[in-house]
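So the chains spell out like this:
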Amino acid sequence: MKVVLIGVGQAGGKLTQALAEFDYEMDFDAVRGALAVNTAETDLQTLDIETQLIGQDRVRGHGVGGDNELGAEVMQEDAVEVMDALDGKITAEAEAVFVVAGLGGGTGSGGAPVLVRELKRVYDVPVYALGILPGRGEGSMYQANAGRSLKTVVREADSTILVDNDAWHDAGESVEAAFDTINRNIAQRIGLLFASGENVEGVGESVVDSSEIINTLREGGIACVGYASAAAGEDAEDNINAVTSITRSALFTGTSLPDAVTADAALLVVAGRPDAIPRKGVERARSWVEDQTGSLQVRGGDFPLDSDRLAALVLLGGVERSPRIDEFMERAREAQQEQEQVDHTANFQNDQLDDLF
C-alpha cells in the first residue's frame, strides 16, 4: 500500500520518522513521502525527514504551549504553505495519505483535523488519521485536548487508527523511554500493515493487496491494529495451531486499543515464509476473528516474508463502540470540567498585599 505520511506536532513528527525508517530498513518501499509539520522549530531540528515550520507570525517558532485551539488556527492560516510543501509527494501512485499526530498536545491535536479536512478537499485518495491517545498519567490538559481532537478528527477523516499510549509500553519505564518503545511498536505494526498491501517477493496462496486494507477501513469511524508473533515450525502443517494462537494474542492482548474487539470489519494478515504459512490455519483463524468481532466482513490473507517467525496482524475497522473509547471520552470530559473550574487568579486575591500598580 503506497502511502504518504504527514506528521503534525512533536509526537506526530517523531512517529512519522519512525515509520519512514522502518519502511526503509525493511526495504518495503511502501512509504512514498514523509513530511513533519510543527509550530516548534526545535522539535523539527531533531528530525531527518523533510520538515515544515508553521505559525511563525503567531508563535515565532516556539510552539503553541498545548493550546490546541491556537494549533487549529495556525494550521488554518498556514494550510497553503503545508500544501505547497506536499507538492510532488502525493502523486498518482499514492493510494492513501496518513496524517499522524499525538492527540493530547497543542499543534498535533489542533492541527491534524484541520489538515485532514484540507487534504480531503484537494485529493481523491483516502485520507486517514493515525492518532495517539495520551496515557492516564499524562495530565488533564492532554486528556481534554485529546477528547476534543478525537471527536473532530473522526468526523473529518475517512478512518482514524488509534493507539492508546497505555497499550504498548513497559511498566517502570521513564516517559522518554516509554515514548520510544511506543513508537517502535507502532512503526512495526503499522509499517507491516502498509507493506502487506505491497507487491513483495515470494508467492503466497492468498496475498493481501491494498484494496483489502482500504475496504476494511471504509467503514469509517475508529480502527485499531493488533499484532503477535511466534517461532515458526519447519512445515505448514506444524503451524496450524500456532497461527490460531498468535491471532488470539493479537486480538486480545496485542491491540493498539485494548479491549476493542467488536468491529464492523476486520482484516487478518499472516506473515512468514510462504511454505510455513498453513492455509487451514489462516482460514481457521479468520473464522475465529469473525466469531469474536461479530463482523461478517473479515478478510484474510498472506504476507510472504523471509523470516523464521510467523506473525499475525489484525486490523479492526469500526471499533468506536469499544468500552475503551467510552472510558477515555468520560476521562476527557472530566478533565475538561476540571480545567474549567480552575481559577488561576485565586492565589493573587490577597488583601494583605498591595498591588504593584
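Quick note: structure is the one above.
Residues numbered from 1 in each chain as written. Predicted model: local features only at pLDDT ≥ 70, side-chain atom pairs only at ≥ 80, totals over all residues. Heavy atoms only, no water.

## Describing the sheet that holds strand 8 (residues 265-272)
Strand pairs in the sheet, formed through backbone hydrogen bonds, run parallel or antiparallel to each other. We apply this condition: Here, strands pair whenever DSSP counts at least two bridges between them. Under the scheme used here, helices are H or I runs from DSSP no shorter than 4 residues and strands are E runs no shorter than 2 residues, and both carry numbers assigned from the N terminus. Each axis is a line fitted through C-alpha atoms, taken for helices only over the stretch in contact, and angles between the N-to-C directions span 0 to 180 degrees. Contacts are assigned to residue pairs with any non-hydrogen atoms lying within 4.5 Å of each other.
Across the sheet, 10 strands lie side by side as 3-2-1-4-5-6-7-10-8-9; this open sheet has mixed pairing. Each having just a single partner strand, strand 3 (50-53) and strand 9 (298-304) make up the two edges of the open sheet. This sheet shows a mean twist of 25° between the axes of neighbouring strands, independent of strand direction. In terms of strand pairing, strand 8 meets strand 9 through seven bridges, oriented parallel. Pairing of Ala-266 across the sheet is with Val-298, part of strand 9. Packing of helix 6 (residues 107-122) onto the sheet brings it into contact with strand 1 (3-8), strand 2 (31-38), strand 4 (96-102) and strand 5 (127-133), and relative to strand 4 it is tilted by some 165°.

## Points about the packing of helix 4 (residues 68-77) against helix 6
Rules: The sense of a crossing depends on the near helix, which, turned anticlockwise from the far helix by less than a right angle, makes the crossing left-handed and, turned clockwise, makes it right-handed. Residues were grouped as follows: Ala, Val, Leu, Ile, Met, Phe, Trp, Tyr, Cys and Pro as nonpolar; Asp, Glu, Lys and Arg as charged; and all remaining residues, including Gly, as polar.
Relative to each other, helix 4 and helix 6 sit at 35°, their axes nearing to 6 Å. As for the relative orientation of helix 4 and helix 6, their crossing is right-handed in sense. Contacts from Asn-68, Gly-71, Ala-72, Met-75 and Gln-76 of helix 4 reach helix 6 at Thr-107, Ser-109, Gly-110, Gly-111, Val-114, Leu-115 and Arg-117. Broken down by class, the residue content of the contact of helix 4 with helix 6 amounts to four nonpolar, seven polar and one charged.

## Quick look at the pattern of salt bridges
For side chains of opposite charge, pairing can occur when their charged atoms come near one another. Note the threshold: For this document, the term salt bridge refers to a Lys or Arg side-chain nitrogen within 4 Å of an Asp or Glu carboxyl oxygen. To sort residues, take the accessible area from a 1.4 Å probe on protein chains only and compare it with the maximum for the residue type: under 20% means buried, over 50% means exposed, and anything in between is partly exposed.
Per the stated rule, a full pass over the model turns up 20 salt bridges. For the salt bridge of Arg-136 with Asp-166, the shortest nitrogen-to-oxygen distance reads 3.0 Å. Here Arg-136, found in the loop between strand 5 and helix 7 (140-156), pairs with Asp-166, found in the loop between strand 6 (159-164) and helix 8 (175-196); they are 30 residues apart in sequence, far enough to count as distant. Close ionic contact of Asp-259 with Arg-324 constitutes a salt bridge, the shortest N to O distance being 3.9 Å. In this pair, Asp-259 sits in the loop between helix 10 (240-252) and strand 8 while Arg-324 sits in helix 12 (residues 323-341), placing the two residues 65 residues apart along the sequence. With relative accessibility at 10%, the residue Arg-324 sits in the buried group.

## Structural notes on the packing of aromatic side chains
Filter applied, for reference: For Phe, Tyr and Trp, rings pair up if their centres lie within 6.5 Å, where Trp contributes its six-membered ring, and each pair is then called stacked (planes under 30 degrees apart), edge-to-face (over 60) or tilted (otherwise).
All told, the structure shown has five aromatic pairs when counted by the stated rule. Seen in terms of ring centroids, Phe-98 and Tyr-128 are 5.1 Å apart; in terms of plane orientation they differ by 50°. Their pairing is tilted. In this pair, Phe-98 sits in strand 4 while Tyr-128 sits in strand 5, placing the two residues 30 residues apart along the sequence. Classification of Tyr-128 by relative accessible area gives buried; the value is 2%. Here a set of aromatic residues connected by ring pairs shows up, and it is made of Phe-22, Phe-28 and Phe-303.

## Brief notes about the nonpolar core
Note the following rule: For our purposes a nonpolar core is just a set of buried Ala, Val, Leu, Ile, Met, Phe, Trp, Tyr and Cys residues, chained together by side-chain atoms within 4.5 Å.
Judged by nonpolar contacts, the single largest core of 41 residues is most densely connected at Phe-98, Leu-130, Ile-161, Ile-186 and Phe-194. Residue contributions to this core peak at eight residues, all from helix 8. The contact partners of Ile-161, leaving out residues within four places of it in the chain, are Phe-98, Ala-129, Leu-130, Gly-131, Ile-190, Leu-193, Leu-217, Ala-223, Cys-224 and Val-225.

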